[in-house]
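Listed below are the residues making up each chain.
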Amino acid sequence: QAQLVESGGGLVQAGGSLRLSCAASGRVFSSYAWFRQAPGKEREFVATIDWTGGYYADSVKGRFTISKDNAKNTVYLQMNSLKPEDTAVYYCASRVFGSHTSRADEYSYWGQGTQVTVSS
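As the structure is a prediction and not an experimental result, all values here were calculated from the model.

Colleague: I keep staring at the pattern of salt bridges and nothing clicks. Help me out?
Modeller: Where side chains of opposite charge bring their charged atoms close, a pairing between them can arise. Taken as a whole and judged by the stated rule, the model has seven salt bridges. The salt bridge involving aspartate 58 is made with lysine 61; its shortest N-O contact spans 3.1 Å. The exposure classification of aspartate 58 matches that of lysine 61, with both residues exposed. Across the salt bridge formed by glutamate 106 and arginine 103, the nearest N and O atoms sit 3.7 Å from each other. Sharing partners across several salt bridges, the network here consists of Arg36, Glu44, Arg63 and Asp86.

So, in structure tokens, the structure goes:
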């Protein structure tokens with residue numbers, strides 16, 4: 001069965017970096033995305049990737065980079081210049097058909113989430 005497992009979250013100071021990983025198994029996916037949810041807020045789109053490239057929310061553009069290692073079936077989110085407002089649980093999502101999208105309801109598979117905390 002299909003499964004996504006995130007790792008790489010943690011506590012970092014503002015201005016620091018973290019790299020999240022999302023290991024996929026069980027299916028071949030056409031596109032992936034990262035979403036995040038801060039306490040008391042709705043889940044929001046962060047970045048997505050498919051065969052055409054990576055696409056980003058305005059709030060992370062220029063600071064975050066999404067990439068994919070096909071040999072390892074793993075998607076990464078490199079996060080640089082982190083800010084306290086980046087603090088959230090980060091979720092990896094995937095879909096079997098279709099290109100990149102920022103809509104959470106178009107992804108069928110989700111990981112369990114990994115906590116990212118940025119201190120000021």
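Colleague: Would you explain the packing of aromatic side chains in this entry?
Modeller: Any pair of aromatic rings gets described here by the distance separating the centres and the angle formed by the planes. This model, assessed by the stated rule, comprises five aromatic pairs. Ring geometry for phenylalanine 29 against tyrosine 109: centres 5.3 Å apart, planes inclined by 65°, an arrangement best described as edge-to-face. Taken together, the residues span a long stretch of sequence, with phenylalanine 29 in the loop between β3 (18-25) and β4 (31-37) and tyrosine 109 in strand β10 (residues 109-110) at a distance of 80 residues. By relative accessible area, phenylalanine 29 is classed as buried at 9%. For the pair phenylalanine 35 and tryptophan 110, a centre-to-centre distance of 5.2 Å together with 45° between the ring planes defines the contact as tilted. In this pair, phenylalanine 35 sits in strand β4 while tryptophan 110 sits in strand β10, placing the two residues 75 residues apart along the sequence. Using a relative accessible area of 2% as the deciding quantity, one classes phenylalanine 35 as buried.

Conventions used here
Residues numbered from 1 in each chain as written. Predicted model: local features only at pLDDT ≥ 70, side-chain atom pairs only at ≥ 80, totals over all residues. Heavy atoms only, no water. Salt bridge = Lys/Arg side-chain N within 4 Å of Asp/Glu carboxyl O. Buried < 20%, exposed > 50% of the residue type's maximum accessible area, 1.4 Å probe, protein only. Phe/Tyr/Trp six-rings, centres within 6.5 Å; stacked < 30°, edge-to-face > 60°. Helix = DSSP H or I, 4+ residues; strand = E, 2+ residues; numbered from the N terminus.

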